[in-house]
Amino acid sequence: MNTARLSLAAVALTLSGAGLAFAQDCTPKHSFTTLSQGTLTVALTNTPPYSAEKDGTVGGIDGDLLAKFAEENCLKIAYEIFTYPAAVSAVQTGRADVALGGFYRTAARDKVITLSTPVYLDQLAVASKDGLSTVDQLIGKKIGTVEGYDWVMEMEDTIDGSTTYPSSLNLAQDVQAGRLDAGLEGFGAAVVLHAGTDVKVVLLEADPRITATTLASQTAFLLPKNNEEFVTAVNASIEDYRSAGVIGEVLSAYGLDPSAADVGESRVID
């Protein structure tokens, strides 16, 4: 099964009730309304491998999973590119049915939109030319990460002289140029940013000094507060995909460890 390239249902026709997910020659798996009848409107962040434009529609891990959901429910996909904050706002204000982009399940987001059931873990990786993989190996070296990650404070407390960068690209460039010995980054982003270079990307081994190594952040689709049937359908499908191994296969197709599909109990980051 090529889960990295999932097909879409092509036609959705009008039935009674605005936005009902039904089509003439397609039987939807679930019944719910969408903002535009026969169409799933997506706020897409262009952040590979989590989400990206691909072949004129949504792609990446989140995009491929959502494309499968759309096909099963006889929906076309319409999308627009947003920044992370704007994508949250698009769902909150009713301009999009769903936002994609490996969004962390945070308490702040949960106040303004609905977080789907966890989709996968964004595991903490180390990018280095020496294949470093433990916290002890990082101590005494030049280490960096990106501002805003939930492991920043613990990294700074544990590794003297560590620094933060404004973006993942800036961090990756300094690792590749040898200005840093290693960068701490979400596994998926690190795989994409260092593809084709001599930098090795490995999971940081579990260490209680860095909580993210033992309790990785969970990701979610961002959903509206006022469409319970749609939220129920999305959550049921995510759990079906997990049970069937689909999420693990999609993760593997994008170079991530399929173990990231094992999310544990739902939680949010404060």
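Residues numbered from 1 in each chain as written. Predicted model: local features only at pLDDT ≥ 70, side-chain atom pairs only at ≥ 80, totals over all residues. Heavy atoms only, no water.

**Side note on the state of the cysteines**
Stage number 1. Per the counting criterion, the structure on display carries 1 disulfide.
Stage number 2. Note on cysteine connectivity: Cys 26 is disulfide-linked to Cys 74, with sulfurs 2.0 Å apart. Across the disulfide from Cys 26 to Cys 74, rotation about the S-S bond amounts to roughly -80°, and the bridge is consequently left-handed. Taken together, the positions of Cys 26 in the segment before β1 (39-44) and Cys 74 in the loop between α1 (60-72) and β4 (76-81) put the pair 48 residues apart, joining distant regions of the chain. (Disulfide = S-S within 2.5 Å. Helix = DSSP H or I, 4+ residues; strand = E, 2+ residues; numbered from the N terminus.)

**Comments concerning the domain arrangement of the protein chain**
Stage number 1. When the domains of the protein chain are assigned, the result is domain 1 (39-121 + 217-261) and domain 2 (124-213).
Stage number 2. For domain 1 and domain 2, the distance between their C-alpha centres works out to 26 Å.
Stage number 3. Between domain 1 and domain 2, the residue contacts involve 9 residues of the former and 10 residues of the latter.
Stage number 4. Counting the surface domain 1 buries against domain 2, the share from its top three residues, Tyr 50, Tyr 104 and Ser 217, is 43%.
Stage number 5. At the boundary of domain 1 with domain 2, the tally comes to 0 salt bridges.
Stage number 6. In this assembly, domain 1 and domain 2 are joined by 2 residue pairs in polar contact (both at pLDDT 80 or more).
Stage number 7. Tallied by class, the residues present in the side of domain 1 that touches domain 2 amount to 6 nonpolar, 2 polar and 1 charged. (Domains from an automatic or database assignment. Contact = heavy atoms within 4.5 Å. Buried area = accessible area lost by both parts, 1.4 Å probe. Salt bridge = Lys/Arg side-chain N within 4 Å of Asp/Glu carboxyl O. Polar contact = N/O pair within 3.5 Å; in protein donor to acceptor, adjacent residues only side chain to side chain. Nonpolar A, V, L, I, M, F, W, Y, C, P; charged D, E, K, R; others polar.)

**Description of the sheet that holds strand β9 (residues 143-146)**
Strand-to-strand pairing in sheets goes through backbone hydrogen bonds, with the strands running parallel or antiparallel.
Stage number 1. Overall, mixed pairing links the 5 strands, which are arranged β10-β9-β11-β8-β12 in an open sheet. Edge strands, defined here as strands with exactly one partner in the open sheet, are β10 (163-165) and β12 (200-203). Taken over all neighbouring pairs, the strand axes of this sheet differ in orientation by 30° on average, direction set aside.
Stage number 2. As paired strands, strand β8 (residues 124-128) and strand β11 (residues 182-186) are joined by 4 bridges and run antiparallel to one another. Within the sheet, the bridge partner assigned to Val 126 lies in β11 and is Leu 184. (Pairing = 2+ DSSP bridges. Axes fitted to C-alpha atoms, helices over the stretch in contact; angles between N-to-C directions.)

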